[in-house]
Amino acid sequence: MTMTQEIPERESMDVDVVIVGAGPAGLSAACRLMQIAGENDRELSVVVLEKGSEVGAHILSGALLEPRALNELFGNWEELGAPLHTRVTQDRVLMFRNRKKATRMPLWMVPGPMHNDGNYIISLGELCRWLAEQAESLGVEIFPGFPASEVLYHEDGSIKGVATGEMGRGADGTIRSSYEPGMELHAKITLFAEGCRGQLGKQVTRQFELDRDSQTQHYGIGIKELWKIDPARHDPGLVIHGAGWPLSEHRASGGSFLYHLGENLVSLGLITDLCYENPYLSPFDELQRFKHHPQVRQYLEGGERIAYGARAITKGGLHALPRMTMPNGLLIGCDAGTLNFSKIKGTHTAMKSGMLAAETAFRTLQGDGTLDDFEREFRSSWLHAELHRSRNFGAALHRFGTWLGGAFNFIDQNFFSGKLPLTLSDPVPDHEALKPAAQCRPIHYPKPDGVLSFDKTASVYLSSTNHAEDQPVHLRLADTAQAVSVNLERYAGPEQRYCPAGVYEFIEQDGSPALQINAQNCVHCKTCDIKDPGGNITWIAPEGSGGPNYASM
Ligand SMILES: Cc1cc2nc3c(=O)[nH]c(=O)nc-3n(C[C@H](O)[C@H](O)[C@H](O)COP(=O)(O)OP(=O)(O)OC[C@H]3O[C@@H](n4cnc5c(N)ncnc54)[C@H](O)[C@@H]3O)c2cc1C
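Keep in mind that this is a model prediction, so the values were computed, not measured.

Glancing now at the overall build of the chain. On a plain count of helices and strands, the chain comes out with 14 helices and 24 strands. For 553 residues, the compact-globule estimate of 2.2 N^0.38 gives 24 Å, and the chain sits close to it at 23 Å. C-alpha extents for the chain along the principal axes are approximately 60 × 60 × 45 Å. Intrachain contacts of the chain at a sequence separation of at least 6 include 77% that bridge at least 24 residues.

Here it is, written out as structure tokens:
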């Protein structure tokens, strides 16, 4: 039922700090804020907004955890029951040469940051749920199912807070009887912690020109599956990272992972660098064929795939990191780009950025400093030292390829500890890297066998994705005609392949091709917002708690 009625006004709530996103960055910031407030006997109101139906529902990671930041945040995490159950026992790096062969690299040849001694194999979703419990017990209010959809500004241009999205608008834009306007959260300080390619992070970066002095940001798409395997094949604590095949067959780069964690589980995935050139490449199908490699299938045969999902990663590193401060606000974690690509790890760095943000925010609230102090705090932290050491890692791989770039990284990391006095640049944005289809070889992927490999429909089903049906499409095209005139005609419709959830489909409408957007399938990976050749697609949060419902990804 639709109604013609006036749109009700939004209510507002005043808080000291609002945090957008209950990932490792946002939750660590929330916990640290409350810890310091407690130490200083000060009452603080801190609210965390999370778009997932519950904390962790939209969290997807490998995940190997380097516990450094967690040790600092909760030195007694073991006593508090943090879900770190599987310690790394074996660390292997494989060079996949083709669909049958792989060579194991001796560990001394592997760049130092890629070693995993002392790390844990975890479910990041579970860790976030635990962090949320700690935050709540310290007095933080967490609102799951409430995406922040708008940045609010004071008249002087500084940040006033955020507004949550409205609910109950129909697909055609009319308001339904169930309509509820968003809620405004007015905060002294706003922390943006939305993870890779945050919708508001993107806006404030533009608004305050945060990336004016940074190099081009780069991204990857990580597609992950969780398997319950035959106990006889399970080797708890075994960690395998891979490079080369299958992506090398198409002159693309990235890497694979396979981790054996508790209860006969294997977490595996493929991260495809989004600077690939061939529009026929399908990261989803690359992962499907990767599982048929003898080095991978040996663990999966007889097992069952129990979960699937995808998420982009921000991997440009220190050179691409924007300024993280703005008037009354800070950009933290992967929303800014704090992931250490040489380690393929962004959790401990996101956490540390949140903790530093909390410390600066608290001092600012006390009148003992300003948010601008954050840049100084960041520069004198181990987070900066770590990112500085790895600053050339990604650019070396992109510019020189897996072998030569790998050799450069080995020398730079293992002999010079990242101190080679040079700065490699990587200036082509990922969305400009695609070549016209006419210049590329079409790729024909094998049909899934339904045992080790599957199609997108069956995969999305395992992500438990759900969106209210009658709502405006949350994937916005700036120019609808461009989907056919540029994407289809020039690039053979790459969104059909880079989207890991089958959201984009070209259909025939009145005798002409048209783009159909199956928004209900969207797993919120944000790849379309990054890789669309014309930068024509903008991802915005859908209504309420829509999206995947990952149990422990
Ligand atoms: C396949 C894959 C494998 C990885 N493996 C590892 C690994 O082994 N080790 C490691 O350390 N790192 C790994 N990473 C990277 C790591 O997961 C990230 O660096 C880390 O999760 C970043 O934390 P974050 O808090 O910045 O963002 P996120 O973890 O992305 O959390 C952001 C949160 O904000 C919410 N949110 C977003 N927008 C809004 C909004 N507008 N309103 C409300 N809520 C919002 C999201 O739903 C989410 O819950 C991997 C990543 C991927 C994709």
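Quick look at the site of the ligand now. Neighbouring the ligand are 46 residues, the closest being Gly23, Gly195, Gly222, Gly333 and Gly346. Those elements giving two or more residues to the shell around the ligand turn out to be helix H1 (24–39), strand E2 (46–50), strand E3 (64–65), helix H4 (199–207), strand E14 (219–228), strand E17 (265–273), strand E18 (304–314) and helix H7 (347–366). Of the residues contributing to the shell around the ligand, the split by class is 23 nonpolar, 16 polar and seven charged. Formed jointly, the shell around the ligand draws a minimum of three residues from each of two domains, domain 1 (11–75 + 126–214 + 322–389) and domain 2 (86–121 + 217–314).

Attention shifts here to the sheet that holds strand E6 (residues 102–104). The seven strands lie next to each other as E6-E5-E15-E16-E17-E14-E18, forming an open sheet whose pairing is mixed. Whereas interior strands pair on both sides, the edge strands pair on one side only; in this sheet they are E6 and E18. When the angles between neighbouring strand axes are averaged without regard to direction, this sheet yields 20 degrees. As defined by bridge partners, strand E5 (residues 90–96) adjoins strand E15 (residues 238–244) across seven bridges and the pair is classed as parallel. For Val93, the partnering residue across the bridge sits in E15 and is His241. Contacting E14, strand E16 (254–261) and E17, helix H5 (residues 283–290) crosses the sheet at an angle of about 135 degrees to E17.

Topologically, Arg490 is positioned in helix H12 (residues 482–491). The sequence separation of Arg490 and Leu318 amounts to 172 residues, and the corresponding C-alpha distance is 34 Å. When neighbours within four sequence positions are excluded, Arg490 is seen to be in contact with Pro436 and Ala437.

The omega torsion across Gly62 and Ala63 is 5 degrees, close enough to zero to call that bond cis. Within the secondary structure layout, Ala63 lies in the loop between E2 and E3. The amide bond that connects Trp245 to the next residue, Pro246, takes the cis arrangement and shows omega of 5 degrees. Considering the arrangement of structural elements, one finds Pro246 in the loop between E15 and E16. Unusually for a residue other than glycine, Glu209 sits at a positive phi of about 45 degrees. What makes Glu209 exposed here is the crowd of 11 C-beta atoms within 10 Å. Unlike most non-glycine residues, Arg251 shows phi in positive territory, near 55 degrees.

To continue, consider the domain arrangement of the chain. The domain boundaries assigned to the chain delineate domain 1 (11–75 + 126–214 + 322–389), domain 2 (86–121 + 217–314) and domain 3 (430–539). For domain 2 versus domain 3, the separation of C-alpha centres amounts to 24 Å. Domain 2 puts 30 residues into the contact, and the matching count from domain 3 is 31 residues. For the side of domain 2 that touches domain 3, the secondary structure elements donating two or more residues are E14, H5, helix H6 (294–300) and E18. Residue contributions to the side of domain 2 that touches domain 3 peak at seven residues, all from E18. Residues that form the side of domain 2 that touches domain 3 fall into these classes: 16 nonpolar, seven polar and seven charged.

In this section: the pairing of strand E22 (residues 504–509). Walk down a regular strand and you will see the side chains alternate between the two sheet faces. Where E22 lies against strand E23 (residues 512–517), six bridges are found, and the strand directions are antiparallel. Looking across to E23, one finds that Phe506 is bridged to Leu515. Following E22, the chain reverses through two residues before pairing antiparallel with E23; Asp510 in that reversal takes a positive phi of roughly 50 degrees.

Here we take up the nonpolar core. Counting residues in each nonpolar core, the largest one holds 144 residues, and the members touching the most others are Ala29, Ala30, Leu33, Leu191 and Ile332. Excluding residues that lie within four positions of it along the chain, Leu191 makes contacts with Val17, Ile19, Val20, Gly26, Ala29, Leu330, Ile332 and Ala357.

Turning our attention to helix H9 (residues 382–389). Every buried residue of H9 is listed here: Leu383, His384, Glu386, Leu387 and Arg389. Residues of H9 that are buried make contact with H7 and helix H8 (373–379).

Pairing within the open sheet is antiparallel, and its three strands lie in the order E3-E7-E4. Across the chains shown, the open sheet's two edge strands, defined by having one partner strand only, are E3 and strand E4 (86–87). As judged from the two bridges shared by E4 and strand E7 (residues 120–121), these two strands associate in the antiparallel manner. Directly across from Thr86, in E7, lies its bridge partner Ile121.

The buried fraction of E14 is high, at nine of 10 residues. Examined bridge by bridge, E14 and E18 share 10 bridges and lie antiparallel to one another. Counterpart to Glu225 in the pairing with E18 is Tyr308. Relative to E17, E14 runs antiparallel, the two sharing nine bridges. Across the sheet, the residue bridging to Gly220 is Asp273, located in E17.

Next up on the list: the environment of Ile159. Residue placement: Ile159 occurs in strand E10 (residues 159–164). For the pair Ile159 and Thr190, spaced 31 residues apart in the sequence, the C-alpha separation amounts to 7.3 Å.

Two elements in contact, H1 and helix H3 (residues 124–137), have axes whose closest approach is 9 Å; the angle formed by their N-to-C orientations is 25 degrees. The pairing of H1 with H3 is recorded here as roughly parallel in orientation. H3 is crossed by H1, and the crossing has left-handed handedness. For the pair H1 and H3, the contacting residues are Pro24, Leu27, Ser28, Ala30, Cys31 and Met34 in the first and Cys128, Leu131, Ala132, Gln134 and Ala135 in the second.

Turning to the environment of Pro67, a few remarks are in order. Locating Pro67 in the fold gives a position in the loop between E3 and helix H2 (68–73). With 280 residues separating them along the chain, Pro67 and Thr347 place their C-alpha atoms 9.2 Å apart. Apart from residues lying up to four places away in sequence, Pro67 is in contact with Leu84 and Tyr120.

What counts and how
Note that residues are indexed from 1 along each chain, following the sequence as it is written. It should be noted that, the model being predicted, local features are given only for residues of pLDDT at least 70 and side-chain atom pairs only at 80 or more, the latter also being counted only at that level, while totals for whole chains, interfaces and linings use all residues. Starting at the N terminus, helices and strands are each numbered in turn, a helix being any DSSP run of H or I of at least four residues and a strand any DSSP run of E of at least two. To get the radius of gyration, use the C-alpha atoms; to get the globule rule, take the number of residues to the power 0.38 and multiply by 2.2 Å. A pair of residues counts as a contact when their C-beta atoms, built from backbone coordinates, are within 7 Å of each other. Each residue gets a C-beta atom placed from its backbone. Should that atom fall within 6 Å of a molecule or strand, the residue is termed near it. Residues are sorted three ways: Asp, Glu, Lys and Arg are charged, Ala, Val, Leu, Ile, Met, Phe, Trp, Tyr, Cys and Pro are nonpolar, and all the rest, Gly among them, are polar. Domain ranges listed in this record stem from an automatic or a database domain assignment. When DSSP finds at least two bridges between two strands, those strands are taken to pair. Here the axes come from fitting lines to C-alpha atoms, over the contacting stretch only for helices, and the angles between their N-to-C directions go from 0 to 180 degrees. The burial criterion counts other C-beta atoms lying within 10 Å of a residue's C-beta, which is placed from the backbone; the residue is buried at 20 or more, exposed at 12 or fewer, and partly exposed between these limits. Structurally, a nonpolar core is described as a collection of buried Ala, Val, Leu, Ile, Met, Phe, Trp, Tyr and Cys residues joined by way of C-beta atoms within 7 Å. Note that the term roughly parallel is reserved for angles under 35 degrees, roughly antiparallel for angles over 145, roughly perpendicular for angles of 65 to 115, and oblique for everything else. Handedness of each helix crossing follows the sense of rotation of the near helix against the far helix: counterclockwise by less than a right angle gives left-handed, clockwise gives right-handed.

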